[in-house]
Amino acid sequence: MRALTLVADRKLELVESAAPPAPGPSEVQIRVRAVGLNHIDVWGFRGMAFAKRKLPLVIGAEAAGEIAAVGPDVTSFKPGDPVVMYGALTCGTCKACREGRDNLCENVQGIMGFHVDGFARELLNLSARLVIPVPKGVELRDAACAPIAFSTVEHMLFDNAKLQPGETILVHAGGSGIGTVAIKMAKAIGCTVITTVGDDAKAEKAKALGADHVINYRTDRFEHMTRKITGKKGVDVVFEHVGAETFNGSLLSLKRGGRLVTCGSTSGPTTTLNLMQLFQQQYKIFGSFGASMRNIRDGLAKMANGLLPVIDTEVSLAEVEKGLARLESRQVFGKVIVRF
């Protein structure tokens, strides 16, 4: 069995390893067909894991595949069923898990592909409760974007920021995997979308996705342009995942009482904050990490209804470092998929 394995910081090897045994009680065995790459993969590749881990480590935090076999007591799946997998090893029994707030599990054992062995291998066994069926008509290449990209945006926009039809939203890094999804999901409910990109080619692609206004942050200050576009009112919601470079400008882009939701810090983890501005303008700031299994199901349902991810590049297992390099250099527009 092939497994894409991180053996040292910035060093990946495609190794042959033993196939897993037959699935046990309450388990299924999954044949992985496609892995979606994310910035969490870049962080892990660099050695930026924010919890202890041991190398070698099979990478891959987001994937889709097919059921290869089921445990003796599993009746919810059968061989051949297309599925995606929840990438956090939650306990399933704590209060948060019982309430469907999986990403707040009190006893999580780690994130697959980051702290524990991940999905970039041909076969794996997993608890059936962490597996979600893929609706008919959704290709596995697209479904592989549901467990992180689609679910993260679902959780940010609708669980946290409570984005409403007709509101105005600023989406940072509109060419990123989650940025492209955020543009499409916001437009789907009738929002006015302002987005930032790093070059004119991406600007044209963002407009083609439905963005109403596109700002090249390399040539214009996005906060000034956002205030201009909105007649100095500001936006209702900022979709923030860039971090230190954009955070304070994002606050300046909000209208009074506006909401900022953030899930990342790719440009740096720390910033300063004007507390007087925060309380006088009555901003609401939401930190958002991961998503629930419900968010994944909701994202898959949107795919089944025609809202599909933007795919930048497909690479083979042997070419995965090329995909990581595209992410790290911010060359991408959409998602990078690793195919098996």
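Heads up: the structure comes first, above all this text.
Keep in mind it's a predicted model, so treat the numbers as computed, not measured. Along each chain, numbering runs from 1 in the same order as the chain's sequence is written. Since the coordinates come from a predicted model, pLDDT governs what is reported: local features require at least 70, and pairs of side-chain atoms require 80 or more to be given and counted, while whole-chain, interface and lining totals use all residues. Heavy atoms throughout the structure, all of them, feed into the side-chain values; hydrogens and water do not.

A. Local environment of helix H11 (residues 320-328). Exposure classes here rest on a 1.4 Å probe applied to the protein chains alone. A residue is buried below 20% of its type maximum, exposed above 50%, and partly exposed in between. Each helix is a run of H or I in the DSSP string that is no shorter than four residues. Each strand is a run of E no shorter than two, and both are numbered from the N terminus. All of the buried residues in H11 are Val 320, Gly 323, Leu 324 and Leu 327. Down the axis of H11, the buried set is contained in an arc of 100°. They therefore lie on one face. Where H11 is buried, its residues touch strand S1 (2-8), strand S2 (11-16), strand S3 (27-37), helix H1 (39-46), strand S15 (311-316) and strand S16 (335-339). Phi turns positive one or two residues past the end of H11, at Arg 330, with a value near 60°. In this description, the arc belongs to the directions extending from the helix axis to the C-beta atoms. Here a residue-residue contact requires only that any non-hydrogen atoms of the pair lie within 4.5 Å.

B. Up close: the nonpolar core. What we call a nonpolar core is a set of buried Ala, Val, Leu, Ile, Met, Phe, Trp, Tyr and Cys residues that are connected through their side-chain atoms within 4.5 Å. One finds Ile 30, Met 85, Leu 126, Val 131, Ile 169 and Phe 239 to be the most contacted residues of the largest nonpolar core, which totals 81 residues. Not counting residues up to four positions away in its chain, the partners in contact with Phe 239 are Val 153, Met 156, Leu 157, Ile 169, Leu 170, Val 171, His 172, Ile 178, Gly 179, Ala 182 and Val 261. Leu 170, Val 238, Leu 251 and Leu 254 belong to the second-largest nonpolar core, a separate cluster that totals 11 residues.

C. Geometry of the state of the cysteines. By convention in this document, the label disulfide applies to cysteine sulfur atom pairs within 2.5 Å. A complete count under the given rule lists 0 disulfides for this structure. Lacking any disulfide linkage, Cys 91 is separated from the closest cysteine sulfur, that of Cys 105, by 3.6 Å. The thiol sulfur of Cys 145 is not disulfide-bonded, and the nearest other cysteine sulfur, from Cys 263, lies at 15 Å. The class for Cys 145 is buried, based on a relative accessible area of 0%.

D. Molecular detail of the environment of Leu 300. Residue placement: Leu 300 occurs in helix H10 (residues 293-304). Through-space distance from the C-alpha of Leu 300 to that of Thr 152 is 12 Å; in sequence the pair is 148 residues apart.

E. Structural view of the pattern of salt bridges. One speaks of a salt bridge when a side-chain nitrogen belonging to Lys or Arg is within 4 Å of a carboxyl oxygen belonging to Asp or Glu. On inspection of all chains with the given rule, the structure shows 22 salt bridges. The partner of Asp 212 in a salt bridge is Lys 187, with the nearest N and O atoms 3.0 Å apart. On the criterion of sequence distance, the pair formed by Asp 212 in the loop between helix H6 (200-209) and strand S11 (213-216) and Lys 187 in helix H5 (residues 177-188) is long-range, its members being 25 residues apart. Looking at Asp 212, the relative accessible area reads 37%, which means it is partly exposed. Accessibility expressed as a relative area gives 28% for Lys 187, which makes it partly exposed. With a closest N to O distance of 2.7 Å, Arg 221 and Glu 223 form a salt bridge. Within this structure, Arg 10, Arg 46 and Glu 328 form a network of salt bridges that share partners.

F. Structural view of the sheet that holds strand S12 (residues 235-240). Note: two strands are recorded as paired if DSSP finds a minimum of 2 bridges between them. Spatially, the 6 strands line up as an open sheet ordered S11-S10-S9-S12-S13-S14, and their pairing is parallel. On the outer flanks of this sheet lie S11 and strand S14 (284-287), each paired with one strand and no other. Geometrically, the sheet is characterised by an average inter-axis angle of 15° between neighbouring strands, direction not taken into account. Here strand S9 (residues 168-171) pairs with strand S10 (residues 192-197) via 4 bridges, running parallel. Each residue of the ladder has a partner; that of Ile 169, found in S10, is Val 193. To get an axis, fit a line to the C-alpha atoms, keeping to the stretch in contact for a helix; angles then go from 0 to 180 degrees between the N-to-C directions.

G. The layout of surface pockets, seen in detail. Quantified by volume, the second largest pocket comes out at close to 160 Å³. Taken together, Glu 99, Gly 100, Arg 101, Asn 103, Leu 104, His 155, Asp 159, Gly 287, Ser 288, Phe 289, Ser 292 and Arg 294 form the lining of the second largest pocket. For each structure, a 1 Å grid was placed over the protein atoms alone; sets of points admitting a 1.4 Å probe that cannot get out are labelled cavities, open sets with protein on both sides within 12 Å along at least five of seven lines are labelled pockets, and lining residues have an atom within 4 Å of a point. Grid points are joined across faces, edges and corners, and a volume is the space filled by probe spheres set on the points.

H. Inspection of the sheet that holds S1 at higher detail. Judged by pairing direction, the sheet is antiparallel, and its 3 strands sit side by side in the order S2-S1-S4 without closing on themselves. Of all strands in the sheet, those bounded by a partner on one side alone are S2 and strand S4 (57-58). In this sheet, S4 lies alongside S1 in antiparallel orientation, the contact comprising 2 bridges. Across the sheet, the residue bridging to Thr 5 is Val 58, located in S4.

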